[in-house]
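Chain and residue survey
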Amino acid sequence: MQMRKLGQLEVSPIGMGCMGFSHGYGKVPETDVAIKAIQGAHDYGCTFFDTAETYGREQFYPGHNEQLVGQAIKPFRKEVVLASKIHISTEEYQANHDLYRTIKRHLLHSLKNLQTDYLDHYYLHRYNEEIGMAPVAEVMGKLIDEGLIRAWGVSQVGLNLLKTAHEITPVSAVQNLYNMVERSCESEIISYCLQEGIGCVPFSPIASGLLSGKITQTTKFEGDDVRKFVPQLQAENLAANQPIVDLLDRFSTSKHATKAQIALAWMLKKYPNVVPIPGSKNLQRIIENLGAWKVQLTDAEFKDLDDSLNQLKIYGHRGFEESQQHSFSNNWRS
């Protein structure tokens, strides 16, 4: 396993998205099962864990996931890179017009939840159009200087916002939606990140399970399940996107790997600054995903896979640019 860099932070080539233990994929496992799964990922070699202050709001309360992750990683906190995310509402900012105090209050609450005195990486979860990016970047610089966070980043942003943030306080990582069926950020975001030494952290790198081949038109998504709203998982698009799953099946057979592992190995081979964070509630699936760092595509195999993918039409598109005012998560409030 070769470690990768998010700015100056060194991490395993695949991280772990922990959201699913609190939200987003239906019923969640018992706390002890979730903790064992997170610790099992660490035992396998994962050193990068991702959460957010809001995860858990739908089934529990905001901060539920941070508390769970904090409890799980407490025995090895200094050995891992821990990331969380912040939302800044217009109302709370307008109440005091002190953005530094507002963000620091959020951060200190996250640190308490996570049972730590610093964060390795702190993301702006969604850009707030009524506050702007530049003031947030300035505050993040102060928090880095204070030693409360080691680095910061942004999520679901386009190139202009990324440049604004990076020019004020250097960004270590961008967390955007990126996978074989959502490739919009390849043209500008990833190339800019390569140029500037910024890491790219794709969430949903297996397209909410589509690329695993385990989701069919009869699969039911009930309750608090993000997959009800994912465009590629609508029944008509599932059928239309089957050639992509078939392509992965061809390579998984020849490489003795799962389709999900091929999808992850593809992006690891394509970009040296990419560190995907697949999420799962099941330890066996978590280990399978992490095992993708052992799947080595040759140059010829990668070219064959990438060229073949480029010839296939993608059905259903979500896109990666969002803000608090225009967010995919608003589906839960509609």
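This one's a predicted model, so the numbers in the text were calculated from it and none came from an experiment.

This paragraph deals with the state of the cysteines. Summed over the entire model, instances satisfying the criterion amount to 0 disulfides. Here Cys185 is not disulfide-linked; the sulfur of Cys200 is the nearest cysteine sulfur, at 6.6 Å. Take Cys185: its relative accessible area is 2%, and that puts it in the buried class.

Another aspect to go through is the nonpolar core. One broad trend across soluble globular proteins is that nonpolar side chains are buried collectively. In this structure, Phe48, Ile103, Trp152, Leu162 and Leu211 are the most contacted members of the largest nonpolar core, which totals 111 residues. Filtering out sequence-adjacent residues up to four positions away, Leu211 remains in contact with Asn179, Met180, Val181, Pro205, Ile206, Ile244, Leu248, Lys259, Ala260 and Ala263.

Here we take up the pattern of salt bridges. Using the criterion set out here, one finds 19 salt bridges in the structure. As a salt-bridge pair, Arg105 and Glu92 come within 3.3 Å of each other at their nearest N and O atoms. Separated by 13 residues along the polypeptide, Arg105 in helix 4 (residues 99-114) and Glu92 in helix 3 (residues 90-96) bring together distant segments of the chain. With its nearest N and O atoms 3.6 Å apart, the salt bridge here joins Arg183 to Asp306. A residue pair is termed long-range when its members are at least 10 positions apart, and Arg183 in the loop between strand 8 (173-175) and helix 7 (189-196) and Asp306 in helix 12 (residues 299-310) qualify at 123 residues. Across this residue pair, the class does not change: Arg183 and Asp306 are buried.

Most of strand 6 (residues 119-124) is tucked away: 6 of the 6 residues are buried. In this sheet, strand 6 lies alongside strand 5 (residues 81-86) in parallel orientation, the contact comprising 4 bridges. If you follow Ile86 over to strand 6, its bridge partner there is Leu124. Where strand 6 lies against strand 7 (residues 149-155), 5 bridges are found, and the strand directions are parallel. Paired with His121 across the bridge in strand 7 is Ala151. For the crossover that starts at strand 6, traverses helix 5 (residues 134-145) and ends in the parallel strand 7, the hand is right-handed.

As for its placement among the helices and strands, Gly153 is situated in strand 7. Leave out the neighbours within four places in its chain, and Gly153 touches His121, Tyr122, Tyr123, Leu124, Val171 and Ala173.

Our next topic: the packing of aromatic side chains. Enumeration over the complete set of coordinates arrives at 4 aromatic pairs. In this arrangement the basic side chain of Arg77 is found over the ring face of Tyr118, its NZ or CZ atom lying 4.1 Å from the centre.

The backbone of Gln156 sits at a positive phi, close to 55 degrees, despite the residue not being glycine. Here Gln156 shows up in the loop between strand 7 and helix 6 (159-168). One non-glycine residue, Ala207, lies in positive phi territory at about 55 degrees.

This part covers helix 7. Where helix 7 is concerned, the buried positions are Ile189, Ile190, Tyr192 and Cys193. Looking straight down helix 7, one finds that the buried residues subtend no more than 160 degrees of arc, so they occupy a single side. Check the buried side of helix 7 and you find it contacts helix 6, strand 8 and strand 9 (199-200). Taken from the residues just after helix 7, Gly197 is the one with a positive phi, measuring 75 degrees.

About the cut-offs
Residues numbered from 1 in each chain as written. Predicted model: local features only at pLDDT ≥ 70, side-chain atom pairs only at ≥ 80, totals over all residues. Heavy atoms only, no water. Disulfide = S-S within 2.5 Å. Buried < 20%, exposed > 50% of the residue type's maximum accessible area, 1.4 Å probe, protein only. Core = buried A, V, L, I, M, F, W, Y, C linked by side-chain atoms within 4.5 Å. Contact = heavy atoms within 4.5 Å. Salt bridge = Lys/Arg side-chain N within 4 Å of Asp/Glu carboxyl O. Helix = DSSP H or I, 4+ residues; strand = E, 2+ residues; numbered from the N terminus. Pairing = 2+ DSSP bridges. Right-handed = clockwise from strand over helix to strand, strands pointing away. Phe/Tyr/Trp six-rings, centres within 6.5 Å; stacked < 30°, edge-to-face > 60°. Lys NZ or Arg CZ within 6 Å of the ring centre and 35° of its normal. Arc of directions from axis to C-beta.

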